[in-house]
Amino acid sequence: MRLSVVAAPTACWRLAVAVLLLLLPQAMQAQEPKPKKPHPAQVGAPRSASDHLRQLPRGFRPYRPAERQPAQLRVVPSPSPGVVVSEVEPNDSVATANVLTLGDTVSGAIDPAGDVDFYAVTLTAGEWVAFDVDAQSLAGGSDLDSWLALYDPTGDSIVAWNDDWDGLDSYLLFAAPADGIYFLEVSPCCGPGPGPGGPGSVYELGFTAFTLAVTEVEPNDVPNEATVVTLGDTSVLAVIEPATDIDYFAIDVPGEGVLRVAWFPVQWWFPVIVKLWDSDGTTVLDSANTDWGDWLAQTYVQGAGRYYVSVEDIYQDPDYSYPRLYGFDVELQPPGPGDPTTLFASGLGLPRQIVPDWSGHLLVSDVDLARIVQIDGSGN
């Protein structure tokens, strides 16, 4: 790919675009966070996480941030042999729950409107499992907007839930505190809109074992105490406790490429800020605010080195008593054709913004060299 540097005297409008592109990131960083939306369990909530888990009633529904979208990297459950089974009605309550075996996938439907489906699952203390709903992502399509809730062995209290993960499809990770039979509910979510149920509200529910790659080691509140994570690791597990806790992770990168970190909630959704830091541990390269719908932090790195990731609760509110468990995946995408993030070329520094000009060419702001690079439709 040949690069042509746009000379400032050739067009005044290009200078204006350059200034806009270079100032836009700072302007975006200066935005004030959205006003805090109250958590539904906050009113009268118990002070401890364990009390909160025990006291959530059946039928509890979360709020869903209107613009939240899932990260593009998916956690991968460990493979388990299993079979595809069909839901058997009636299974609208804990008492009539279908039995689901680890490794199996069940094919079901929320039909008629207002239907709910319960499944009984046997869990072992401390062993992580994944429940994965595929509905709108099915090849044949579905109009179900699913909501997934896991109840304790009494069937009365929710111990974990998830709304949206893969688009509007739900995904839930959980490690049981004690051996027992737990109950999983699949239901339509959140009132008007897609997913109230009916003949088109089909789904598949997978129940698999889940292997953790790395577990956070405290203290890791500053870069020089960071928990080391290896590129390619999935399901890095951590917890923010207390509310003001900040977790740091170190990633050793072998060469240039796009470093990507995709955050995901475990048991409960809560708002966080994920930051990618340079090797000095003091310069933020990119950040993701999950309360604004951004679950993916990524940046172009020019060479080998140790980089850092930090995760913190946005509001750090001690009155929010829900568990702040979370995980993330990390990968380095080599530069080259097919890269979804940006354009690469020899001599190109850190690209911050890409926009088309009136002629169909691309203008790329190169922050390192304080210039605008023009690339035509042929890559020249």
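Rules used in this analysis
All residue numbers here refer to positions counted from 1 along the written sequence of the relevant chain. This being a predicted model, a pLDDT of at least 70 is required before a residue's local features are given, and a value of 80 or more before pairs of side-chain atoms are given or counted; all residues contribute to the totals for chains, interfaces and linings. Hydrogens and water are ignored here; the side-chain numbers use all heavy atoms of the structure. The secondary structure listing takes helices from DSSP runs of H or I that are at least 4 residues long and strands from runs of E that are at least 2 residues long, numbered from the N terminus. Exposure is judged per residue with a 1.4 Å probe applied to protein chains only, and the accessible area is read against the type maximum: over 50% gives exposed, under 20% gives buried, and values in between give partly exposed. A contact between two residues is defined here by any heavy atoms of the two lying within 4.5 Å. Computed by Shrake-Rupley with a 1.4 Å probe, the accessible areas treat only the displayed protein chains as cover when residues are assessed. In these notes, a set of buried Ala, Val, Leu, Ile, Met, Phe, Trp, Tyr and Cys residues joined through side-chain atoms within 4.5 Å is what counts as a nonpolar core. In summary, the pairing rule links any two rings of Phe, Tyr or Trp, Trp by its six-membered ring, whose centres are within 6.5 Å, and it sorts them by plane angle into stacked for under 30 degrees, edge-to-face for over 60 and tilted for everything else. For two strands to be treated as a pair, DSSP must find no fewer than two bridges joining them. Axis definition: a line fitted to C-alpha atoms, limited for helices to the stretch in contact. Angles are taken between N-to-C directions and run from 0 to 180 degrees.

The next thing to look at is the overall build of the protein chain. Along the backbone of the protein chain there are 2 helices and 24 strands. Counting only residues that meet the buried cut, the protein chain has 50% of its 380 residues in that class. When contacts within the protein chain are restricted to residue pairs at least 6 apart in sequence, long-range pairs at least 24 apart make up 70% of them. In the form shown here, the protein chain has an accessible surface area of approximately 16,800 Å², with 57% of it arising from carbon and sulfur atoms.

What follows is about the nonpolar core. Ranked by size, the top nonpolar core spans 51 residues in total, and within it Phe 249, Trp 263, Val 274, Val 311 and Tyr 326 carry the most contacts. Residues contacting Val 311, with those up to four places away along its chain left out, are Ile 240, Asp 245, Ile 246, Asp 247, Phe 249, Trp 263, Val 272, Ile 273, Val 274 and Tyr 326. Counting 24 residues, the second-largest nonpolar core is a separate cluster that includes Leu 148, Leu 172, Tyr 182 and Phe 207.

It is worth spelling out the packing of aromatic side chains at this point. Summed over the entire model, instances satisfying the criterion amount to 7 aromatic pairs. Note on Phe 118 and Tyr 151: the rings are 5.9 Å apart at their centroids and 40° apart in plane angle, and the pair reads as tilted. Linking Phe 118 in strand 5 (residues 117–123) with Tyr 151 in strand 7 (residues 146–151), this pair joins segments that are 33 residues apart in sequence. Judged by relative accessible area, Phe 118 falls into the buried class, the value being 3%. For Tyr 151, a relative accessible area of 0% puts it in the buried group. Both rings, one in Trp 263 and one in Phe 270, keep their centres 5.8 Å apart while their planes meet at 85°; by these two values the pair is edge-to-face. Take Trp 263: its relative accessible area is 1%, and that puts it in the buried class. Look at Phe 270 and you get buried, because its relative accessible area is 0%.

Quick look at the sheet that holds strand 15 (residues 246–253) now. Spatially, 13-15-20-17-18 is the arrangement adopted by the 5 strands of the open sheet, whose pairing is mixed. The sheet terminates laterally at strand 13 (227–229) and strand 18 (284–289), the two strands that pair on one side only. Each strand axis lies, on average, 25° off the axis of its neighbour in the sheet, ignoring direction. As paired elements, strand 17 (residues 272–277) and strand 20 (residues 305–313) share 6 bridges and run antiparallel to each other. By the bridge assignment, Ile 273 is partnered in strand 20 with Glu 312.

Strand order in the open sheet formed by 5 strands is 12-14-21-16-19, with mixed pairing between adjacent strands. Of all strands in the sheet, those with a lone pairing partner are strand 12 (214–215) and strand 19 (296–301), marking the two edges. Taken together, the 4 bridges between strand 14 (residues 236–239) and strand 21 (residues 325–333) define a ladder with antiparallel strand orientation. Residue pairing in the sheet places Leu 237 in a bridge with Gly 327 of strand 21.

In this section: the pairing of strand 11 (residues 202–209). For a regular strand, side chains alternate in direction, first toward one face of the sheet and then toward the other. Across 5 bridges, the pairing between strand 4 (residues 105–109) and strand 11 is antiparallel. Paired with Thr 105 across the strands is Gly 206, a residue of strand 11. When strand 6 (residues 128–134) meets strand 11, the two strands line up antiparallel, connected through 6 bridges. Residue pairing for strand 11: Ala 130 is matched across the bridge by Thr 208.

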